[in-house]
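Descriptive structure summary
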Amino acid sequence: MICFSMRTLPVSFLLLLSVWSVCVWADSGRIRQKRAWIIDSFTIEEEYPGPFPYKIGKVELDRSYLVNYILHGDGVDKDPKNILSIEKSGYVLVHRRLDYESGSKILRLTFEARNQSNNEVDTKLALEIKILDINDNAPKFKKSVYEVTVDESHDQGKEVLTVLASDQDDSSTNNGTFVFTIKSVTPKTDNVEFYIQQQKESGTIYFKGCLDYEGPGKVKERETGVEVLRLQVTDKDVRGSKAWKAKYTIHGDKNEIFEIETDPVTNEGILTVVKQMDYEEQTNHNLSISVQNEIPYFSCKIKEKVPNAMWALDKIPQSSDMSAANLNNNIPVTIYVEDVNDPPVFIPPVKHVVVMENIDVGTSLTTFTAKDMDGSHVNTFKFVTGEDIDKWITIDATTGKVSTIKILDRESPFVINGTYTATLYAVDEGVPPLSGTGTLVIHLNDQNDNVPILDMNNVSICIDKEPTMVNITAVDLDSPPYGSPFYYELLGDVKDKWRVEPAHGTTVNLVKEKRVYSGHHLLQIKISDQQGLYSIQNLTVTVCDCSITPTCHVRMVSQARMGPVATFLVVLAILILTVMCLMSLLMSCKEEKKMIMMDDGLGHLITTNTENPGTDCMVMHKGQQAISQAPSSVYSEQTFKRSTYRNSTRRTFRDNLQQSSVRSSFRSNSSYNTKPSYLDETLAIVIKQKLFALQAHDEELDIYKPHCYANEEQPTTNDQLDAISIPEDDFHPEMLKNLDNRFSQLATISRPDLMRR
């Protein structure tokens, strides 16, 4: 056995081993291992909120072989249990929060390191973890109320009362130490000052000055609802009885600034302020307060015992009218008013100015003045803008001059009944700074700076044989005489088409003559106010046949209001469709078809190799005509009629435009038409049947109806659509070189005469 004794070692070595001494046992069968001790100190803060678990430190051993770490003791397998654990890496973990006040302040544990190969204890040492306190407890007085009675002759510097308090936090840190302070004294007085001296957890109260039974008090100016003074009385009658309960009365309070109530528990009189006081008007108020019981005072004393007769008594009955000054306690009370910082006052608080709208920026409107009403807290102040919702004005901080920083518009949404209101502040330099409020009311005279405009730019009207009308209304933001009534004038070529009646007014009638066709019409209207200021407004008028569909004009108006983008797309679609229809008049399904006369003389047979469903092109060559339909290879004119009817919903617009062209082409083809008059009549009947069927079908599906855009040989005035023409001389076969081969095939079918050139 090799032992290190602390007695035989030098002092320096004793210091190193003051905590631990190690004895190493060895025998002939064991190998002595190197020992290296690294001891760390750990701490845990109480009430740590998590998250858990968290690491507080690591125990490190200098080992070249693997060991297992084991903890025993407080926080592990002793109360408080299951708080600590240790990882294989040596980190100590905390699993839940601890309370410094409810448990041990130090956790003592035993740490073991066991060799993983033989499970023998390699290292064993003691481990301490200190719990750190946080300031989670407030100091508390031993008693909630302390009472003491002293005479007004009590000497200053003499002990009045001692109070006790404690704090559960660690008293060795700032968390558990506290100081006593006196927060308030009631009644307030300048004759006495209380102070407190502290000895650890106790505090002794003393005073300097004189105690005054008469009861002076202080209150700050403009304060209301605050307690000023408490008056105490003693009564030897039974506590809580009517003979004990006190009733207080205030004398000398002409303006009824104060009120007094009785505390039902202590019988004290509580004097409070109910109206604001102004230091600049009166610095103190002298009152007197009397007190009596709820039932009248009664007294009976024996003056003389008379033999054989009633004794002589000094008796004061309850019904006595004796002066209250002789029976009741009258207490003089002086209430001092403390001066506080008063806000500046605008003189006058409201100013009105009248100006014309649209005046120049920087125009001076008025100058405000303010005054500091303080007697002992005279402060300088500056002017600033307050509520100026549309940022119209600015005010000079020193002079109070108000000027415009924006064009004043009477038609602004922030102007109400021709007036604009802004607030201004005068802010002093007191602590805290106080401000007074001034109000500026700007009355705006109107100028004729707005033109009349249409209330609605889209209207609808039904087409009829007789003139029809619709109301149009204009608005002007200006007030009379710069607004309504207005003068309306239609511009452009509107003779025998449109008119306005009457021409003068706010709401007038737009009259449509019977010559106006259905569709969308764009009118220009010049609208002038009473002073001749005018605007030219665009008005879109939707005309439709209400006898067929009563609500058609409603739908067309909604389409007209879709906006510029949607309108452009609609117009573009119409143009494309129109071009397709015009091109179809010149198209041919094949170069030239051999036609076979039918025996009945009612039609022709045409051979075709078109097999794609839906191909129903019309051939309209100069001097000849052929009609081909798909999908059959041979069609008669009767088959063509049925096929046209079946596919009409997809080609309504085109077929309507082609109606007149089809008739003329049949008439011109005299070389093949053996019975032209009969065919013309038959074709006309078929077209009418198709149109009636389409109209009924559209009404069922609630889709767009076919419209007559212009009758044959009738000029159109609709300048919204550009004229489309396809001159024959503009086409050259060389143009097909840069196009798709299918287009070349289509061109060959449509214009074989040009392709042969």
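**Remarks on the overall build of the protein**
Along the backbone of the protein there are nine helices and 45 strands. The buried share among the 757 residues of the protein stands at 34%. Contacts in the protein between residues far apart in sequence, at least 24 positions, make up 62% of those at least 6 positions apart. Surface summary for the protein: the accessible area is close to 47200 Å², and the carbon and sulfur share equals 52%.

**Observations concerning the sheet that holds strand β36 (residues 498–501)**
The antiparallel open sheet is built from four strands, whose spatial order is β32-β34-β38-β36. One side of each edge strand has no neighbouring strand; the edge strands of this open sheet are β32 (453–454) and β36. By the bridge criterion, six bridges tie strand β34 (residues 468–475) to strand β38 (residues 507–512) in an arrangement that is antiparallel. Residue Val 470 lies in a different strand from β38, and its bridge partner there is Leu 510.

**Re a nonpolar patch on the surface**
Taken together, the side chains of Val 451, Ile 453, Val 475 and Leu 533 define a hydrophobic patch exposed on the protein surface, amounting to about 260 Å² of accessible area. Structurally, the position occupied by Val 451 is in the loop between β31 (435–445) and β32. For Val 451, a relative accessible area of 32% translates into the label partly exposed.

**Regarding unusual backbone geometry**
Note that the residue after Phe 52, namely Pro 53, is joined by a cis bond; omega there is -10°. Secondary-structure assignment places Pro 53 in the loop between β2 (42–45) and β3 (54–58). With omega at -10°, the peptide bond leading from Ile 347 into Pro 348 counts as cis. Mapped onto the elements of the fold, Pro 348 is located in the loop between β23 (344–346) and β24 (350–356). The phi dihedral of Asn 82 is positive, around 60°, even though this residue is not glycine. Relative to the elements of secondary structure, Asn 82 occurs in the loop between β5 (67–73) and β6 (84–86). The class for Asn 82 is exposed, based on a relative accessible area of 58%. Phi angles above zero are rare outside glycine, and Glu 256 is one such case at about 50°. Relative to the helices and strands, Glu 256 resides in the loop between β16 (246–251) and β17 (258–262).

**Considerations on the packing of aromatic side chains**
Summed over all chains, the structure comprises 13 aromatic pairs. Aromatic rings pair up to connect Phe 141, Tyr 146, Phe 178 and Phe 180 into one cluster. We note Lys 55 situated over the ring of Tyr 91; from NZ or CZ to the ring centre the distance is 4.2 Å. The side chain of Lys 526 reaches across the aromatic face of Tyr 534, ending 4.2 Å from its centre.

**A closer look at the environment of Thr 542**
Inspection of the secondary structure assignment puts Thr 542 in strand β40 (residues 534–544). Sequence separation of Thr 542 and Gly 519 is 23 residues, and the distance between their C-alpha atoms is 5.7 Å.

**Points about the state of the cysteines**
The final tally for this structure, using the stated rule, is one disulfide. Disulfide pairing is shown between Cys 462 and Cys 546; the S-S distance is 1.8 Å. On the sign convention where negative is left-handed, the bridge of Cys 462 and Cys 546, at about -80° about the S-S bond, is left-handed. Of this pair, Cys 462 sits in strand β33 (residues 458–462) while Cys 546 sits in the loop between β40 and α3 (552–560); the two residues are 84 residues apart in sequence, bridging distant segments of the chain. Judged by relative accessible area, which is 25%, Cys 462 ranks as partly exposed.

**Describing the confidence of the model for the protein**
Across the protein, the average pLDDT comes to 75, with 66% of residues at or above 70. The model gives residues 699–703 a pLDDT under 50, and that stretch makes six contacts with residues more than four places away or in other chains.

**A few points about the pattern of salt bridges**
In this structure the tally under the stated criterion is 14 salt bridges. Arg 114 is the partner of Glu 112 in a salt bridge, and the nearest nitrogen-oxygen pair spans 3.2 Å. What makes Glu 112 buried here is its relative accessible area of 8%. With a shortest N-O distance of 3.2 Å, Lys 406 and Asp 390 are connected by a salt bridge. Of the two residues, Lys 406 sits in the loop between β29 (401–404) and β30 (419–428) while Asp 390 sits in the loop between β27 (381–385) and β28 (393–395), which places them 16 residues apart along the sequence. Residue classification places Lys 406 among the partly exposed residues on the basis of a relative accessible area of 34%. For Asp 390, a relative accessible area of 15% corresponds to the buried category. Members of the salt-bridge network, linked through shared partners, are Glu 227, Arg 230, Asp 263 and Glu 268.

**Comments concerning the environment of Pro 349**
Within the fold, Pro 349 resides in the loop between β23 and β24. Its relative accessible area of 47% is what places Pro 349 among the partly exposed residues. Beyond its immediate stretch of four places on either side in the chain, Pro 349 contacts Thr 437, Gly 438 and Thr 439.

**Concerning the nonpolar core**
Counting residues in hydrophobic clusters, the biggest one holds 25 residues, and the most contacted among them are Ile 44, Leu 84, Phe 111 and Ile 129. With sequence-adjacent residues up to four places away left out, Phe 111 is seen in contact with Val 59, Leu 61, Tyr 69, Ile 70, Leu 71, Ile 86, Thr 123, Lys 124 and Leu 125.

**Concerning the side chain of Glu 112**
Mapped onto the secondary structure, Glu 112 falls in strand β8 (residues 106–115). A distance of 3.2 Å separates the side chain of Glu 112 from the side chain of Arg 114, its partner in a polar contact.

**Some remarks on the environment of Asn 137**
Inspection of the secondary structure puts Asn 137 in the loop between β9 (121–132) and β10 (140–141). You can call Asn 137 partly exposed: its relative accessible area is 22%. Spatially, the C-alpha atoms of Asn 137 and Gly 176 are 8.1 Å apart, while their sequence positions differ by 39 residues. Contact partners of Asn 137, with chain neighbours within four places excluded, come to Glu 101, Asp 167, Gln 168 and Asp 169. At a separation of 3.4 Å, a polar atom in the side chain of Asn 137 contacts the side chain of Glu 101. Within the local environment of Asn 137, its side chain forms a polar contact with the side chain of Asp 136, the two groups lying 2.9 Å apart.

**Here's the deal with the side chain of Asp 122**
Here Asp 122 lies in strand β9. Classification of Asp 122 as buried rests on a relative accessible area of 12%. One polar contact links Asp 122 to Thr 123, side chain to side chain, over a distance of 2.8 Å.

**Remarks on the sheet that holds β40**
One open sheet accounts for five strands, arranged β33-β40-β39-β35-β37; its pairing is mixed. Across the chains shown, the open sheet's two edge strands, defined by having one partner strand only, are β33 and β37 (504–505). Pairing analysis gives two bridges linking strand β35 (residues 486–491) to β37, with the strands arranged antiparallel. What sits directly across from Phe 486, in β37, is Gly 505.

**Regarding the pairing of β38**
In the sheet, β36 pairs with β38 via four bridges, with the strands oriented antiparallel. Bridge pairing in β38 places Trp 498 opposite Lys 512.

Thresholds, definitions, all that
- As a convention, each chain's residues are numbered from 1 in the sequence order in which they are written.
- Predicted model: local features are reported for residues with pLDDT of at least 70 only, side-chain atom pairs are reported and counted for 80 or more only, and whole-chain, interface and lining totals are derived from all residues.
- Just so you know, side-chain values use all the structure's heavy atoms and leave hydrogens and water out.
- Under the scheme used here, helices are H or I runs from DSSP no shorter than 4 residues and strands are E runs no shorter than 2 residues, and both carry numbers assigned from the N terminus.
- Burial status follows relative accessibility: with a 1.4 Å probe on protein chains alone, a residue under 20% of its type maximum counts as buried, one over 50% as exposed, and anything between as partly exposed.
- Only heavy atoms enter the contact rule, under which two residues are in contact if any of them lie within 4.5 Å.
- The protein chains shown are the only cover counted for residues, whose accessible areas, like all others here, come from Shrake-Rupley with a 1.4 Å probe.
- Pairing between two strands requires that DSSP report at least two bridges joining them.
- By definition, no residue in a patch forms a salt bridge, and every one has over 30% relative accessible area; like charges are joined within 9 Å, nonpolar side chains (Val, Leu, Ile, Met, Phe, Trp, Tyr) within 5 Å.
- Salt bridges are defined by distance alone: a side-chain nitrogen of Lys or Arg within 4 Å of a carboxyl oxygen of Asp or Glu.
- Note on aromatic pairs: the rings of Phe, Tyr and Trp (six-membered ring only in Trp) are paired at centre separations within 6.5 Å, and the planes decide the class, stacked below 30 degrees, edge-to-face beyond 60, tilted for the rest.
- Consider the ring centre and the ring normal. A charge sits over the ring if Lys NZ or Arg CZ is within 6 Å of that centre and within 35 degrees of that normal.
- Pairs of cysteine sulfur atoms within 2.5 Å are identified as disulfides in what follows.
- The quantity known as pLDDT measures the predictor's confidence residue by residue, on a range of 0 to 100.
- Nonpolar core, defined: a set of buried Ala, Val, Leu, Ile, Met, Phe, Trp, Tyr and Cys residues in which side-chain atoms within 4.5 Å join the residues together.
- Under this definition, polar contacts are N or O atom pairs within 3.5 Å; protein pairs additionally need one hydrogen-donor-capable and one acceptor-capable atom, and for neighbouring residues in sequence, both atoms have to be side-chain atoms.

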